[in-house]
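The chain contents come next:
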Amino acid sequence: MKNICILGSTGSIGTQTLDIVRANQDLNVVAIAAGSNIKKLEMQIREFHPQLVCVYNEEAAGKLKTAVADLDVKVTAGMEGLIEAAVYDSAEIVVTAFVGMIGIRPTLEAMKAGKDIALANKETLVTAGHLVMKAAEEYGVKILPVDSEHSAIFQSLNGENKKEIDKILLTASGGPFRGKTREQMKNVQVEDALKHPNWSMGQKITIDSATMVNKGLEVIEAKWLFDVDIDRVQAVVQPQSIIHSMVQFKDGAVMAQLGTPDMKLPIQYALYYPERRYLAGERLDFAKIGRITFENPDLDNFTGLKMAYEAGRMGGSMPTVFNAANEKAVAKFLDRKIGFLEITDIIRYCMENHHPVENPTVEQILEIEQWVYELIESRW
């Protein structure tokens, strides 16, 4: 029996993780955390019987406490509650599925407590990669990537020497606006941007895919996870989402991981690594697929990816600015307060007005995040 903690249990990754728990008899959920969706949380508590639950929103936590008063479960709130869930004594692996920089402190604390990390919170590595990778080495814990692309790279590196990597080929679907110009995307509405051609994901990551900022975040994440220079991470558009990513080695060999677009595969792989378990679902039919095509990403019209490379090369606190500006801008777009193209305009403005800090601490990272939010609010 493996005891797991899920941070972000009511979101897309969290709910799919619980699907995997349902399908297997040897996974036990001991702690869960979510932002404010207490209706879904209550259902999860009654089905999976975790011993500890955190609701980040304190008011919602109070309501949940009343709703589950008949159960033997501890309900906590806020950042302290998140950390309490992340370090929960009996948990062996923590699935970090929260969206945003809220995941940094709980992830670091979980590592200090000796927990392996099934990492779905890419912002943690983007903004604090220098701290997270150091902690993984210091505390002897595994970071098992849950992003489909990073899981594909991780799988392609099985049995290989990381020092022999020539480059990482990070695939992208291109999103719903692949092939469109900025002029054609000028009047894009929220509903249009949420129509991803291949994947079913949460709202924020779906918008990030539409702007290709998501691929930029993944480029920076790959730099840290696989210890390569950012310019050796090459984004490649593969519209069918069949090849999830590839690794090219010094001798020219390329290893790839292929599969249907199903997030349950990388989640389950992280939970059971190095074992592979049966996973129900559709299998690839290569005759039906017919062909797999590739394109270079359009950096002129999708400037978010271009800026991610710039931020990654600058390093220090600049990826934090890139990420925080995007988080705030996407929230504003989803609230219909700004246009689609303004997302990347806002990122550019924030990067141009920031003086990078070389090796920021967690406190500095969070202060810079707040500075970015205030800068955006002062202008948009």
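Keep in mind that what you see is a predicted model, and the values were worked out from it rather than measured.

## Comments concerning the overall build of the chain
From N to C terminus, the chain includes 16 helices and eleven strands. Its C-alpha atoms put the chain at 55 × 50 × 40 Å along the principal axes. By the burial criterion, 55% of the 380 residues in the chain qualify as buried. For the chain, long-range pairs separated by at least 24 residues make up 69% of all intrachain contacts whose partners lie at least 6 apart in sequence.

## So, the side chain of Gln257
You can see Gln257 is positioned in strand β11 (residues 254-258). Each residue touching Gln257, except ones within four places of it in the same chain, is listed here: Ser148, Ala152, Gln155, Ser156, Ile242, Ile243, His244, Ser245 and Leu265.

## With respect to the packing of aromatic side chains
The tally for this structure, following the rule as stated, stands at six aromatic pairs. Aromatic pair Phe177 and Phe340: ring centres 5.2 Å apart, planes at 75°, arrangement edge-to-face. Pair noted here: Phe177 is in the loop between β8 (165-172) and α8 (190-193) and Phe340 is in the loop between α14 (318-334) and α15 (342-352), with a separation of 163 residues, a long-range link. Using a relative accessible area of 3% as the deciding quantity, one classes Phe340 as buried. A centroid spacing of 5.7 Å and a plane angle of 65° characterise the contact between Tyr269 and Tyr273, whose relative ring orientation is edge-to-face. Given a relative accessible area of 5%, Tyr269 falls into the buried group. One aromatic cluster is present, formed by Phe154, Tyr269 and Tyr273 through successive ring pairs. A cation over an aromatic ring shows up here: Lys328 above the ring of Tyr373, its NZ or CZ 5.1 Å from the ring centre. Between Arg379 and the ring centre of Trp380, over which it is positioned, the NZ or CZ distance is 5.2 Å.

## Observations regarding the pairing of strand β1 (residues 2-7)
Within β1, five of the six residues are buried, leaving the element largely enclosed by the surrounding structure. Direction of pairing for β1 relative to strand β2 (residues 27-34): parallel, over a ladder of six bridges. By the bridge assignment for β2, Ile4 is matched with Val29. The parallel pair β1 and β2 is bridged by helix α1 (residues 12-23), and the resulting crossover is right-handed.

## So, the sheet that holds β11
The strand order across the open sheet built from four strands is β9-β8-β10-β11, with neighbouring strands paired in mixed fashion. Looking at which strands have only one partner, the edges of the open sheet turn out to be β9 (233-237) and β11. Strand after strand, the sheet turns through a mean of 20° between neighbouring axes, direction not considered. The strands touched by helix α7 (residues 148-156) within the sheet are β8, β10 (243-249) and β11, with β10 carrying the most contacts at an inclination of about 40°.

Quick notes on the rules
- Residues numbered from 1 in each chain as written.
- Predicted model: local features only at pLDDT ≥ 70, side-chain atom pairs only at ≥ 80, totals over all residues.
- Heavy atoms only, no water.
- Helix = DSSP H or I, 4+ residues; strand = E, 2+ residues; numbered from the N terminus.
- Buried < 20%, exposed > 50% of the residue type's maximum accessible area, 1.4 Å probe, protein only.
- Contact = heavy atoms within 4.5 Å.
- Phe/Tyr/Trp six-rings, centres within 6.5 Å; stacked < 30°, edge-to-face > 60°.
- Lys NZ or Arg CZ within 6 Å of the ring centre and 35° of its normal.
- Pairing = 2+ DSSP bridges.
- Right-handed = clockwise from strand over helix to strand, strands pointing away.
- Axes fitted to C-alpha atoms, helices over the stretch in contact; angles between N-to-C directions.

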